[in-house]
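Overview (structure and organization)
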Amino acid sequence: MNTIQFSVHRNPQPDAEGNDTYHVRQETFGTVNKQQLMAHIARHGLLRPELLEMAMTVLEREIVEQLVFGHRMHWNGLGTFFLRLGLREREDADGNPVKPHFTDPSQITGNDVQIEGIGFTPDAEFLNLLDEQGYSFENFMGRGMVGHSATYSRDEMERNVEALLRQRGFVTRHILMQYLGITDYMARKWLKSLSTGEDALLRAEKTGSTIVYRHR
């Protein structure tokens, strides 16, 4: 039986009674890229990899086209793809990116909106494949342990990231979490901050399904 590793994290805000509440996250260990997946498919003789790659290329383009046309895209047995929209960041008085805060909906125009990603809602048939695999859950950190982030100033974070860049040539979200003792949320927040703006320390590159950050 497969074991799914999880960790426990405190929510940023207490509940209505002032008590701390918690949520769980899956602990992942690396990313399987396209080349590794194709090699796996070839080894097991499931499908000719080149045919799968051609089909996936067509499907990717069709999904994007339908989303831009204002449709959700439903693939029976798999799930539904949809656009996730959000408000475009602006710069505050210090030049830092911030989300706009609207109190009047009439002030929101098309210039304030951006595509933030593509959402996916799986069909029940797709989720049932997980049950067919069989799995149990195990606390990666040990029972009663709560994940938390170490606290860094911007100068400290930049020095730490510079050191990791010298050692490895790149950083990822998981590298920051592992070496600097910060949560997934804080790693994402720091990487976004350090890769935004004219004087950004980092530049982001997509490698397979992983975002890799290198020195700008």
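Everything numeric here is computed off the predicted structure, so don't read it as measured data. (Residues numbered from 1 in each chain as written. Predicted model: local features only at pLDDT ≥ 70, side-chain atom pairs only at ≥ 80, totals over all residues. Heavy atoms only, no water.)

1. Some remarks on the packing of helix H4 (residues 154–168) against helix H5 (residues 173–180)
Direction vectors running N to C along H4 and H5 enclose 110°, while the axes themselves pass 12 Å from each other. In terms of their interaxial angle, H4 and H5 are classed as roughly perpendicular. Classified by chirality, the crossing of H5 by H4 is right-handed. Mapping the contact onto sequence places Met157, Asn160, Val161, Leu164 and Arg168 in H4 and Ile175, Leu176, Tyr179 and Leu180 in H5. For the contact of H4 with H5, the per-class residue count stands at 7 nonpolar, 1 polar and 1 charged. (Axes fitted to C-alpha atoms, helices over the stretch in contact; angles between N-to-C directions. Helix = DSSP H or I, 4+ residues; strand = E, 2+ residues; numbered from the N terminus. Parallel < 35°, antiparallel > 145°, perpendicular 65-115°, else oblique. Left-handed = near helix turned anticlockwise from the far one by under 90°. Contact = heavy atoms within 4.5 Å. Nonpolar A, V, L, I, M, F, W, Y, C, P; charged D, E, K, R; others polar.)

2. Focus on the layout of surface pockets
Taken as a whole, the second largest pocket holds about 820 Å³ of empty space. For the lining of the second largest pocket, the elements supplying multiple residues, two or more each, are helix H1 (34–44) and helix H2 (49–68). Top contributing element to the lining of the second largest pocket by residue count: H2, with 7 residues. Residues that form the lining of the second largest pocket fall into these classes: 9 nonpolar, 4 polar and 4 charged. (1 Å grid on protein atoms, 1.4 Å probe; cavity = no way out; pocket = protein on both sides within 12 Å on 5 of 7 lines; lining within 4 Å. Points joined across faces, edges and corners; volume = space filled by probe spheres on them.)

3. Quick word on the side chain of Thr172
Of note, Thr172 is situated in the loop between H4 and H5. A relative accessible area of 12% means that Thr172 is categorised as buried. Ignoring any residue separated from it by four or fewer positions in sequence, one finds Thr172 in contact with Leu191, Thr210, Ile211 and Val212. (Buried < 20%, exposed > 50% of the residue type's maximum accessible area, 1.4 Å probe, protein only.)

4. Comments concerning the pairing of strand E10 (residues 210–215)
Residues in a regular strand project their side chains so that they alternate between the two faces of the sheet. Relative to E10, strand E9 (residues 202–207) runs antiparallel, the two sharing 6 bridges. Paired with Lys206 across the bridge in E10 is Ile211. Here E9 hands over to E10 after 2 residues, with Gly208 in that stretch at a positive phi of 65°. (Pairing = 2+ DSSP bridges.)

5. Things to note about the nonpolar core
Met157, Val161, Val171, Leu176, Ile182 and Leu202 are the most contacted members of the largest nonpolar core, which totals 17 residues. Listed by contribution, the elements that provide at least two residues to this core are H4, H5 and helix H6 (184–194). In this structure Leu176 touches Val161, Leu164, Gly181, Ile182, Ala187 and Leu191, once residues within four positions along its chain are discounted. Among the nonpolar cores identified, the runner-up in size contains 5 residues, and Leu59, Ile63, Leu67 and Phe81 belong to it. (Core = buried A, V, L, I, M, F, W, Y, C linked by side-chain atoms within 4.5 Å.)

6. Considerations on the confidence of the model for the chain
Per-residue confidence for the chain gives a mean pLDDT of 87; residues scoring 70 or more make up 97%. At the low end of the mean pLDDT range in the chain sits strand E6 (residues 97–98), at 75; at the high end sits strand E3 (residues 73–75), at 95. (pLDDT = per-residue confidence, 0-100.)

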